[in-house]
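# Geometric and topological summary
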Amino acid sequence: MATYDPFRDLDRLASSLFDTRRGPRRMPMDLYRDGDHYVLTADLPGIDPGSVDIDVDGQLLTIRAERTLTSGEDVKWITREREAASFLRQLNLGQGIDTDRISANYNNGVLSVTIPVSEKAKPRKIEVNSEGSAPVLQAQESNQPNQDEPQPIEQ
């Protein structure tokens, strides 16, 4: 059985009165590079996966999500600390991202967005060519008795 704490209720009332965040809330996230792609993970507990909206407009990635709370008509709340809220996060992707292959997954309250690096931005080796024919080096084994003298190499 829970005990009544009037100070907890007073603290919650004061927090709700002085809370100026009425717009979208920010979602905590991590971003790291793993090989040829970036991985963004964001905490979105209690979010319906159908409410998650991810858009790419040019190089701007926008993530939106809504948390709605349901309650029946005959429900009497004992305590209600979770709020319905909307979440918003925007990231400038910069150059070198393959925006056509971005993918997302939502599992256990965590949204994971995989952002691949474009082929043009990946490091690559450049072959060096020269004009004309390249010189060919040939070495021959000699059967001469004096092995200490250097042997000529034909080109």
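Residues numbered from 1 in each chain as written. Predicted model: local features only at pLDDT ≥ 70, side-chain atom pairs only at ≥ 80, totals over all residues. Heavy atoms only, no water.

### A closer look at the pattern of salt bridges
This is how it is decided: Whenever a carboxyl oxygen of Asp or Glu lies within 4 Å of a side-chain nitrogen of Lys or Arg, that contact is scored as a salt bridge. For every residue, the accessible area (1.4 Å probe, protein chains only) is compared with the maximum for its type, and the residue is labelled buried under 20%, exposed over 50%, or partly exposed between those bounds.
Per the stated rule, a full pass over the model turns up two salt bridges. Residues Asp55 and Arg64 are paired through a salt bridge, measuring 3.4 Å at the closest nitrogen-oxygen approach. Its salt-bridge partner being Arg101, residue Asp98 comes within 3.1 Å of it at the nearest N-O pair. Residue class for Asp98 comes out buried when judged on its relative accessible area of 18%.

### Concerning the nonpolar core
As a reminder of what qualifies: Definition of nonpolar core: a set of buried residues of the types Ala, Val, Leu, Ile, Met, Phe, Trp, Tyr and Cys, connected through side-chain atoms within 4.5 Å. Secondary structure counts use DSSP, requiring at least four H or I residues in a row for a helix and at least two E residues in a row for a strand, with both numbered from the N terminus.
Counting 17 residues, the largest nonpolar core has Leu44 and Phe87 as the members making the most contacts within it. Mapped by element, the contributors of at least two residues to this core are strand E2 (37–43), strand E4 (60–67), strand E5 (85–92) and strand E7 (110–116).

### A word on the sheet that holds strand E3 (residues 53–57)
Inclusion rule: Only when DSSP finds a minimum of two bridges between them are two strands counted as paired. The axes are straight lines fitted to the C-alpha atoms, using for helices just the contacting stretch, and the angles between their N-to-C directions are given from 0 to 180°.
One open sheet holds the three strands; their spatial order is E3-E4-E5, and the pairing between them is antiparallel. Two strands lie at the open edges of the sheet, namely E3 and E5, each paired on one side alone. The sheet shows a mean angle of 15° between the axes of neighbouring strands, taken without regard to direction. The pairing of E4 with E5 spans eight bridges and is classified as antiparallel. When the sheet's bridge partners are listed, Ala65 is paired in E5 with Phe87.

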